[in-house]
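Okay, here's what each chain looks like letter by letter:
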Amino acid sequence: MRATSPLRRGLLALAALAIGCCATGVQAQAGYPQKPVKLVVPFAAGGTTSILARLLAERLGQGLGQPFVVDNRPGAGGNVGMDAVAKAEPDGYTLLMGPIGLAINPALYPKMAFDPQRDFAPIGLYAGVPNLLVVHPSVPANSVAELIAHARANPGKLAYASNGNGTSSHLAAEMLKAAAGLYILHIPYRGGAPAMQDLLAGQVHMLFDQMPAVLPQVQGGRVRALGVSSMKRSAAAPEVPAIAESLKGFDMTVWFGILAPKGTPAPIVTRLNAEMLKVLNDPAFQAQLAKMGVTPMPSSPEEFSRYITTETTRWARVVKDSGARID
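Residues numbered from 1 in each chain as written. Predicted model: local features only at pLDDT ≥ 70, side-chain atom pairs only at ≥ 80, totals over all residues. Heavy atoms only, no water.

Most of strand β4 (residues 120-135) sits inside the fold, with 16 of its 16 residues counted as buried. Here β4 pairs with strand β9 (residues 253-261) via nine bridges, running antiparallel. When the sheet's bridge partners are listed, Leu125 is paired in β9 with Gly257. Direction of pairing for β4 relative to strand β7 (residues 206-210): antiparallel, over a ladder of five bridges. Paired with Leu132 across the bridge in β7 is Asp209. Examined bridge by bridge, β4 and strand β8 (residues 224-228) share four bridges and lie antiparallel to one another. By the bridge assignment, Leu133 is partnered in β8 with Gly227. (Buried < 20%, exposed > 50% of the residue type's maximum accessible area, 1.4 Å probe, protein only. Helix = DSSP H or I, 4+ residues; strand = E, 2+ residues; numbered from the N terminus. Pairing = 2+ DSSP bridges.)

Spelled out as structure tokens, the structure:
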């Protein structure tokens, strides 16, 4: 029998190594996850994004057998955390709790270090939730109409807090200012929790924030709710009018979804989406969300991708019409 040449032996060894690596990669994907998964929240702890992320992380961890650890990385209207995930290893172990800022920020920031539509692998939509407009008890207004009248009579004397430049909290207030022709100062914070803290202390007068974070403060009598930002009233607080009842067409419904870095293997995306659908279609989880005014939005990865594209076009128009800008 003819001896195998050194070159042939080398080629055979490389082929065997390649086959072994591929087999190992496929096996790792099939057994995913094999270690804790990091879920990056691009805002400070204590806000709605964090609250909802922790609820989902707990259920995903239970279903997939590994902890899903929430990692708060606030800054630049969510851009800091989103950029960190966009540049992470696409192995399924770093995920993003993606906010509506994925669609809003391209219209607000002239330069971004990542492309929300190109640099992520969408896994699925998670939930939708309206903002609640709340004021400090010292503000002499019990309705949106009374707040508008008070602001018009005192131009530049009111200040609103936001969860940060470019957030839905910021944009909702700018939409209100534009629709009613108001002059109200903007004080941006690094998340909903510090913004609420200063509102409770009376350092600012008003705030738009998502219902899960702000509703307990309303129920405790520490702030006063004037309006909900969705077109219709929320079942979680049916006594609070929709802002659209005073300002026709006003609509700001916030959404969240889960994304991975672009290049994440399709089997991992599929597995995560399947587990998300299982959680979001669970009646007990749906009831838990409903108490906070949150609506589940189960979707496929493809549906989420198309949704981001549609929302990006929509919010580009809204930003332009509102005159919102980065302060």
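That covers the picture; the talk isn't over yet.
Assignment of secondary structure puts Leu182 in the loop between α6 (168-180) and β6 (185-188). Considered as a pair, Leu182 and Lys35 are 147 residues apart in the sequence and their alpha carbons are 52 Å apart. Setting aside its immediate chain neighbours within four residues, Leu182 contacts Ile148, Ala151, Arg152, Leu176 and Lys177. (Contact = heavy atoms within 4.5 Å.)

In short, geometric facts, not functional conclusions.
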